[in-house]
Amino acid sequence: MNQPLKQHLIDPEICIRCYTCEMTCPVGAIVHDDNNVVVNAETCNFCMDCIPVCPTGSIDEWRVVSQPYSLDEQYEWDELPEQQDLGSDEASTGLEALDDTMAALLAEAHQGAGGKSKPPTTAGKASINMYNLGKPAIAKVQGNYKLTNAEGHDVRHIILDLGALPFPVMEGQSVGIIAPGTDADGNAHLPRLYSISSPRDGERPNYNNISLTVKREDKGICSNYVCDLENGDEVKITGPFGATFLLPDDPNARLLMVCTGTGSAPMRAFSMRRQRVGATGGATLFFGARSQDTLPYFGPLSKMPETVLDQHLVYSREGAKEYVQDRMIQESDLVADLLSDPKTHIYICGLRGMEEGVEKAFSSIAETIGTQWLTLRDAMREEGRYHVETY
Ligand code: A2P
């Protein structure tokens, strides 16, 4: 038998096909076909540059193999194969078998990154990757509404109708949108990922439609395309993607949601779902924006009763500068109470930069109740109660 090798893999169930890893890899080891994003074992040099940029942690998979999985094999996968029993201690587990240098590199790469996530134990199973690059779904635009009023800050609520196409989604999942045309090299544009902001039974109950929350980015090919869509336009979409950033089915679960800007999309989906099913556990939202008129869904949020959603809206460029983590510290007792409750599920979505500050806030709040945040966070992640999606 060949000497066992460590192979870097991507979990196709959790990967949301944002292609960020592929664009980041300095040696071109990450490639994709219509179906999956995969790692070429012959090219990967374990530099770990791809680890911190992955929004889901799906990039962080390792197997010890006697023969590396080929690209063609990986392209076919719907889920990762189990670690094979190679009959030796060294090869018995993937990650543990990484040597010290690699383990240290990996630990460093994880700093500030979301890390591997698990779905809540009571979440249903999400359908993923039903429509891909080669076979996208065609959705029809049903609505395109401006959510923000500020000059130069255009966030849109886009409603897409799937008609008779099966397109089952869960709150917290994302879809890809393929902008028409080609890039400078003449290749079709890769899909851009957007979180779904509507609940599973439709933006309008029992309609086969979804909504997205999209910010127009300066020179952003896809965001400008989406923000300019008109009713009746046909849009190519891929997905749905994401199998861990999901809502627990337990109506008594308590939600702690922290977001900035368009990171509010999944939080809207969660809140609407919980309101529709009459969940009783309650939810707390820390939501950061530049100002009131750049905060997506400010109007609808103001109509949500506090019993459904306890809201803490903070502004960084209106009045005294405040970030979500500042308000969390100010509301330490509330956050500490949530941290000490095993029914609490934490969701963080938005700017990558906020993660560090939010983690620090959790650390100092956890200390006030004699808890070590990193230990608690890792336990919550393992129990499917801690979810991060930042970009
Ligand atoms: P600011 O840009 O004023 O520093 P948007 O996506 O609409 O710009 O909103 C993002 C919000 O997140 C803004 O209020 C932005 O503030 C804020 N923000 C930027 N960096 C961080 C950070 N490191 N931690 C928390 N919030 C942040």
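Please read these numbers as outputs of a predicted model, since none were measured by experiment.

Novice: Looking at this structure, how should I read the overall build of the protein chain?
Specialist: Summing up its helical and strand segments, the protein chain has 10 helices and 15 strands in all. The principal-axis extents of the C-alpha atoms in the protein chain amount to approximately 65 × 55 × 35 Å. Counting over 391 residues, the protein chain shows a buried share of 53%. Summed over all atoms, the accessible surface of the protein chain reaches about 17600 Å², with 49% contributed by carbon and sulfur.

Novice: Looking at this structure, I do not really get the environment of Q292. What am I missing?
Specialist: Its location among the elements puts Q292 in the loop between β12 (283-289) and α6 (298-302). When the C-alpha atoms of Q292 and Y315 are compared, they prove to be 7.0 Å apart, with 23 residues separating the residues in sequence. Excluding residues within four positions of it along the chain, Q292 makes contact with F298, Y315 and E318.

Novice: Please explain the sheet that holds β12 as it appears in this structure.
Specialist: As a general point, the strands of a sheet are linked pairwise by backbone hydrogen bonds and lie either parallel or antiparallel. The 5 strands lie next to each other as β13-β12-β11-β14-β15, forming an open sheet whose pairing is parallel. In the strand order of this sheet, the two ends are held by β13 (310-315) and β15 (386-390), each with one partner. The sheet shows a mean angle of 10° between the axes of neighbouring strands, direction not considered. One ladder, built from 5 bridges, connects strand β14 (residues 344-350) with β15; its direction is parallel. Paired with I346 across the strands is Y386, a residue of β15. Here helix α9 (residues 354-368) sits on the sheet and contacts β11 (254-260), β14 and β15; the angle it forms with β14, its principal contact strand, is near 155°.

Novice: Just to check I follow, could you spell out the sheet that holds strand β5 (residues 137-146) for this structure?
Specialist: The antiparallel open sheet is built from 6 strands, whose spatial order is β8-β7-β10-β5-β6-β9. Looking along the sheet, the strands with just one partner apiece sit at the ends: β8 (192-195) and β9 (209-215). When strand polarity is set aside, the average angle formed by the axes of neighbouring strands in this sheet is 40°. The pairing of strand β7 (residues 174-178) with β8 spans 4 bridges and is classified as antiparallel. From the neighbouring strand, V175 faces β8, where its bridge partner is Y194.

Novice: I would appreciate a short explanation of the site of the ligand in the present structure.
Specialist: Residues in close proximity to the ligand total 13 residues, the closest being H153, R290, S316, R317 and Y323. A289 has a polar backbone atom sitting 3.1 Å from an oxygen atom of the ligand. A distance of 3.1 Å separates a nitrogen atom of the ligand from a polar backbone atom of G353. Isolated, the ligand exposes 560 Å² of accessible area, and the fraction of that covered by the protein chains is 81%.

Novice: Help me understand the pattern of salt bridges in this model?
Specialist: For side chains of opposite charge, pairing can occur when their charged atoms come near one another. Taken as a whole and judged by the stated rule, the model has 21 salt bridges. Of the charged contacts, one joins K118 and E382 as a salt bridge, the two residues approaching to 2.5 Å between their closest N and O atoms. In this pair, K118 sits in the loop between α3 (100-110) and β5 while E382 sits in helix α10 (residues 373-382), placing the two residues 264 residues apart along the sequence. You can call E382 exposed: its relative accessible area is 52%. With a shortest N-O distance of 3.8 Å, K146 and D154 are connected by a salt bridge. The buried category is assigned to D154, whose relative accessible area is 10%. Several salt bridges converge on common partners, so that one network encompasses K146, D154, R156, R216 and D228.

The rules behind these values
- Residues numbered from 1 in each chain as written.
- Predicted model: local features only at pLDDT ≥ 70, side-chain atom pairs only at ≥ 80, totals over all residues.
- Heavy atoms only, no water.
- Helix = DSSP H or I, 4+ residues; strand = E, 2+ residues; numbered from the N terminus.
- Buried < 20%, exposed > 50% of the residue type's maximum accessible area, 1.4 Å probe, protein only.
- Areas by Shrake-Rupley, 256 points an atom, 1.4 Å probe, with all protein chains shown as cover.
- Contact = heavy atoms within 4.5 Å.
- Pairing = 2+ DSSP bridges.
- Axes fitted to C-alpha atoms, helices over the stretch in contact; angles between N-to-C directions.
- Near = heavy atom within 4 Å.
- Polar contact = N/O pair within 3.5 Å; in protein donor to acceptor, adjacent residues only side chain to side chain.
- Salt bridge = Lys/Arg side-chain N within 4 Å of Asp/Glu carboxyl O.

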